Structures are given as C-alpha cells and as structure tokens.
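The residues making up each chain are set out below.
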Amino acid sequence: MSLDAATVRRIASLARIAVAEEELPRLAGELNSILGWIEQLNEVNVDAVAPMTGAVALALPMREDRVTDGAQAEAILANAPDRAGEYFAVPKVVE
Amino acid sequence: MNTLAAIPTIAEAARLLAARKLSSLELTRALLARIEALDPVLNAFLLVTEKPALAAARAADRARAAGQKGALLGIPLAYKDIYETAGVRTTAHSRLLAQNVPTQDAETVRRLSAAGAVMLGKLATHEFAIGGPAFDLPWPPARNPWDPHRFTGGSSSGSGAAVAAGLALGALGSDTGGSIRLPAAYCGIAGLKPTPGLVSRRGVIPLAPSLDTAGPMAWTAEDCAILLDVLAGHDPADPASVAAPRPGYAAGLAAPVRGLRVGLLRRFYEHDVPATPETRQMMQQAVAVLRDLGCTVEDASLPAVQEFNAVGRVIICAEAYAQHEATIRTRLSEYSRAFRMRVLPGALIRAAEYLAAQRRRTDLIAAMRATMTRFDVLLAPATAGPAPLLAEQRTDEGFAVPFLTTVANVAAVPSLVVCGGFTAQGLPLGLEMMGRPFEEATILRLGHHFEQVRGLRSRRPPGS
C-alpha cells in the first residue's frame, strides 16, 4: 500500500488538519513508512494475545496504615430519615 | 577559581567537596564560565539559571559546613526542558510553550533539589522530544562536542552535549524509543533508561505514556548510579510508579562481575541493522573485555529489531498524536516541520492497529523474558555507527529506519549505554547493555567495570 500526495491531501482534510501544499510529498513519505510498520505488525497473528495493559508487573500500593477521620457511619446516619443497616434508605422510585 | 584543571565526574566532585578541596560555589562558577565560553557553539542550553544556581551552590556549601552530607550535595546538574521546574520557564523546545512557567517541580527535579543538587539550567531537546533537530524553532538544535558539525542524537540532545562538553556534571533525559541512549552513544557518555515505573514521570511533559521513561545521563556509569540512587523510588502521585525494592546502586558497583552471563545480540547488528566495520570492531573489543572480567559471552537471539520497531513506532506515533491533537487542530503551523512530519501520521492510525501493536508488545515482552532466563545482560551496539552530520539528519526517511535502542523500550527492560570505543576520526561509539526488569544494579555494575578496564573515560572532546 502506498499513498500519493492527493490521497494525503484528502486524508488531511477529512482529519480537519491544514497541511501546506509543499509539505504533502514529505508527509506522504512519513505516512507510507508508518503504514509499512503497520503492515509488518499485521503479518503476525496476535488474535490470542491480550492487549498490553501494563509493561511491568504492578502491585497496587497500599495506603499508609494510620488513624483517619473515617469510619463514622453512626454519626453520619444520625440525622437520616430512614436507614437500612449502615446505608441511607430512600423511598422506592422505580416500580 | 573560575577554571578547573579537569572536569570531575560526579563521584570525584563529591570526594573533593567532602574533603573541602573544592566548594560548590567554585565548581558552579567554573561550569557557568564553561557554558559561557562553549555553549554559543554547542547550543546545549535553552536557559541558564545563573543566579539561582549560585544561590543554590552557596546554600549547599553552608549546609555542608553545618554538617550535612550527600553524594549530590552541591553537584551542578541540568535538565532536559521537558522537566517542569517551578518558576523556571519550561518550553519543551517548542514555540507553543515559549511562555510556560510551571508552578511545581517534576518529582525527579524535586528529589535532586532535596538532595542538594544545583540546577544550572534547562537543556535543548527535539520539539516535545520527537521529530529530530529542527532549524525552524526559536532555538537552534544542540551540536555534538566531538564535532560541532555533527548531530548529538536525540531527543535528549542538550543533555548529551552538556555532559560530554563538561558544562554540567550530570543531566536528566527521557527515553521513549532511545532518547537517552542515542545522545549518550553519539556524545560518548553514559545514559540509563530505567525499567518503566522505577523513576517518577510526574511533571515530565509526556510523549507516548506507555513507553516514556525518565532517567539520568552522566560521564560514567558510576555517576548514573549515584543519580539513580536519588531518582528511583515510589511516587504515589504517578499512577505508573512502582514500589520496587531499591538496592544501593552506587554502593553495589564494586561487587565483582565474574560469572555474569552476557548474551551477544549479534544478529541485531550483523543482519537487522548492519553496523559499520568500526562498530563491529568495538563490539569485538567489548566482548574481549567482558570475558577478561570473567563474564561468559554467548550469542543470544531475540525477534528482529524491526519487529520491536513496528510496535514502538505505531504506539509512539498514535500516542504522540493523541497528546497533541487539540493543538495540532488549532496551531499546527507553530510546530516545527520535523515534528509535523513525524506526528501527523498518527491521525491515520486506527484503534485496531494500535491495539494490534499493544498485543504484539505482550508477545515481545514474553520473548525478552524467555531470553533473559539464560542471560543476565544482553549486549548490542547502541547505534549502527557514529554521529551523522547534522545536515544529513533528514527527517523525511527518519521513521523508516529502525533504532536498536527501541528494543528495550518495547520490551520494558532497563538499558544502559556506555562509551564503547572511538572511530579513527575520533567519534565515540556506544555500547548498550540490557538487563532484567528492575535489575538496573546489574547493568550499572557491569558498565562500571567495563569503563574501568576499557579506560576511555580520560578522553574528553577536543577543545574542552
């Protein structure tokens, strides 16, 4: 697959990018080389491979274990009109 | 004292400072004088922060007098201009950020300042760390201290030039496809691309977040280890930061390297990216040195350099375009031609292709892991030959030529480049050592021992 300047002009306009006329041939060259790399990628079947989500094994960092102002369910629910366990209860809105 | 008998390494300067044979103020003044004398040709600095540097040097001397110690206390460094610095202009070498003054330091900059390092200024790069040397920007591209007609390598181009010319004792660079290690190779210094997650990227202007790494550049592997001791560590505010164990990198350098299993990626430079005869000779000498040090060296194999580059180029191009899409739409003409040519193709990459690249990356990481069960270190040249002439560094075909260095970015392994030799013309050649993830200590140690035996570190660029 190889792109000419006219195709690049059309792609640029579809992508809403203003490219100067004299830059089209060089841009076509760059586009063709990235298409070459994409073709090379397509030669390998990766159907069974999961897309990468992280390059190194990441463990979730734990927050520091210290006393906080949290865990005050009783104080927060003290003024609630209704409650169910540690939750606010509200009138049913969907039949 | 405004001149130095010889440019010290960070380790040497730290010893002189500790012995009170040199003050940080003297050292900083001497380097500022060198910048004034040499940088009009080299263009390594976009900004010299003279007054704050002198103030920081005085503060470091006072802290030392008060009993404070530290390997970086009073050491003058400089940072690639994509590292945000509070109150100091940070341009990414771009017209678009010409007036950008961040309010916070990058985490790496903060760590170095807290360790007492002195910032001399901000260093040239390729615009937003991609594209290539550009002559249509407000600042010229950096030039190679070994021959100012030649390219420094990029994109940490000012970092390579400043360290090689002895304008700063160390620098920060960033590496997405080779941007620390290419200038390290072409400028004859040491540069480390760490494992992703080891060094915080918070406050470093991104290029392609799934491949970007931040790391140190300095005259020796030992100096890179000293810098990494301060740079490495978990940063809760960088979601990609890893809470990995940190050995003492500098403290571990002296341990022997006997018995390390070194894999030679011969196919890489004999077949995939054919190297010049002098580069091949440099590799032969390196293998001989490593064998003398008691390492075993055997041929190792990996998928072709092109396979890694297909993944790397598609990811970099797509992600760089995504980073810049909004400004590309509205302010395209303000970017350099080199940037436009390199990043615009990203508009064309479809999600399916981007994900194919990410899938293939999983494969290639697995291939690297399999090879690294048999070896502790993989060895290759950093580039096929020495620095090209700056005028020859054309950006039209740049994207078609694969980089040896991109292998380590895609495979997510740490990689160190040290000076491996010189051409007959006196241009440096870079030797690349890759290690297992988070085993920076091993490649730094091997690089250090190699430098000691190879004995090239007394040779500085002509005229410096």
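Residues numbered from 1 in each chain as written. Chains lettered and ligands numbered in written order. Predicted model: local features only at pLDDT ≥ 70, side-chain atom pairs only at ≥ 80, totals over all residues. Heavy atoms only, no water.

### Let's talk about the overall build of chain A
Applied cut-off: Secondary structure is summarised from DSSP: a helix means a run of H or I of at least four residues, a strand means a run of E of at least two, and numbering begins at the N terminus for each. Our radius of gyration is a C-alpha quantity, and the globule rule it is checked against amounts to 2.2 Å times the number of residues to the power 0.38. Partly exposed describes any residue whose relative accessible area lies between the buried limit of under 20% and the exposed limit of over 50%, with all areas from a 1.4 Å probe on protein chains only and scaled to the type maximum. Contacts are assigned to residue pairs that have any heavy atoms within 4.5 Å of one another. Methods summary: accessible areas were calculated by the Shrake-Rupley approach with a probe of 1.4 Å, and residue burial reflects only the protein chains presented. Lys and Arg are tallied as positive, Asp and Glu as negative. Neither His nor the chain termini are counted. The atom standing in for a charge is NZ when the residue is Lys, CZ when it is Arg, CG when it is Asp and CD when it is Glu.
A count of helices and strands for chain A gives three helices and two strands. When the helices and strands of chain A are read in sequence order from the N terminus, they spell out α-α-α-β-β. Expected size for 95 residues packed as a compact globule is a radius of gyration near 12 Å; at 29 Å, chain A overshoots this value by more than 25%. Buried positions account for 27% of the 95 residues belonging to chain A. Considering only contacts in chain A between residues 6 or more positions apart, those separated by 24 or more positions represent 29%. Here chain A has roughly 7300 Å² of accessible surface; of this, 56% comes from carbon and sulfur atoms. Side-chain charges in chain A split into 8 positive and 15 negative, and the spacing between the mean points of these groups amounts to 5 Å.

### Some thoughts on the overall build of chain B
Counting its secondary structure elements, chain B contains 14 helices and eleven strands. On C-alpha atoms alone, chain B measures out to a radius of gyration of 20 Å, which is about the 23 Å that the 2.2 N^0.38 rule sets for 464 residues. Expressed along its principal axes, the backbone C-alpha trace of chain B runs to roughly 60 × 60 × 45 Å. Buried positions account for 64% of the 464 residues belonging to chain B. Excluding contacts between residues fewer than 6 apart, the proportion of contacts in chain B whose partners are at least 24 apart in sequence is 80%. When the accessible surface of chain B is split by element, carbon and sulfur atoms take 53% of a total near 15700 Å². Side-chain charges in chain B split into 48 positive and 40 negative, and the spacing between the mean points of these groups amounts to 2 Å.

### Here we look at helix H5 (residues 157–164) of chain B
Three- or four-residue spacings in an α-helix give side chains the same orientation, since the helix completes a turn every 3.6 residues. Residues and elements named next belong to chain B. Within H5, eight of the eight residues are buried, which leaves the element mostly enclosed by the surrounding structure. Three or more residues of H5 are buried, namely Ser157, Gly158, Ser159, Gly160, Ala161, Ala162, Val163 and Ala164. Turning to H5, the residues buried within the fold contact strand E1 (45–48), strand E2 (76–80), strand E3 (118–123), strand E4 (170–175), helix H6 (181–187) and strand E6 (213–218). Where H5 terminates, the next one or two residues include glycine 166, which has phi positive at roughly 70°.

### Focus on the packing of aromatic side chains
Residue and element names in this part refer to chain B. Put simply, the test is: Centres within 6.5 Å are what make two rings of Phe, Tyr or Trp a pair, Trp counting through its six-membered ring; a difference in plane orientation under 30 degrees is then read as stacked, over 60 as edge-to-face, and the rest as tilted. We count a charge as sitting over a ring when the NZ of a lysine or the CZ of an arginine lies within 6 Å of the ring centre and within 35 degrees of the ring normal.
Per the stated rule, a full pass over the model turns up five aromatic pairs over all chains. Aromatic side chains phenylalanine 128 and tyrosine 335 sit 6.1 Å apart centroid to centroid with 55° between the ring planes, which places their arrangement in the tilted category. Residue phenylalanine 128 is located in the loop between E3 and H5, and its partner tyrosine 335 is located in the loop between helix H10 (305–331) and helix H11 (337–343); the two are separated by 207 residues in the primary sequence. For the pair shown, phenylalanine 128 and tyrosine 335 are each scored as buried. A connected cluster of aromatic rings, assembled from ring pairs, spans Phe128, Tyr335 and Phe339. Residue placement shows arginine 313 over the ring face of phenylalanine 403; its charged tip is 4.7 Å from the ring centre. We note arginine 460 situated over the ring of tryptophan 219; from NZ or CZ to the ring centre the distance is 3.7 Å.

### Some thoughts on the confidence of the model for chain B
To be explicit about the condition: Confidence scores here are pLDDT values: one per residue, from the predictor, ranging 0 to 100.
Scored by pLDDT, chain B comes out at a mean of 95, with 98% of its residues at no less than 70. On the interface metric, ipTM, the complex scores 0.79, and its pTM is 0.92.

### Digging into unusual backbone geometry
All names here are of chain B. A cis amide bond, omega 10°, links glycine 154 with the succeeding residue serine 155. One can find serine 155 in the loop between E3 and H5. Phi is positive for asparagine 43, close to 55°, though the residue is something other than glycine. Among the structural elements, asparagine 43 can be located in the loop between helix H2 (24–42) and E1. Classification of asparagine 43 as buried rests on a relative accessible area of 16%.

### Some thoughts on helix H4 (residues 107–114) of chain B
All names here are of chain B. Within the sequence span of H4, burial applies to Glu107, Thr108, Val109, Arg111 and Leu112. Buried residues in H4 make contact with E2, E4 and helix H7 (221–231). With its phi angle positive at about 95°, glycine 116 sits one or two positions after the end of H4.

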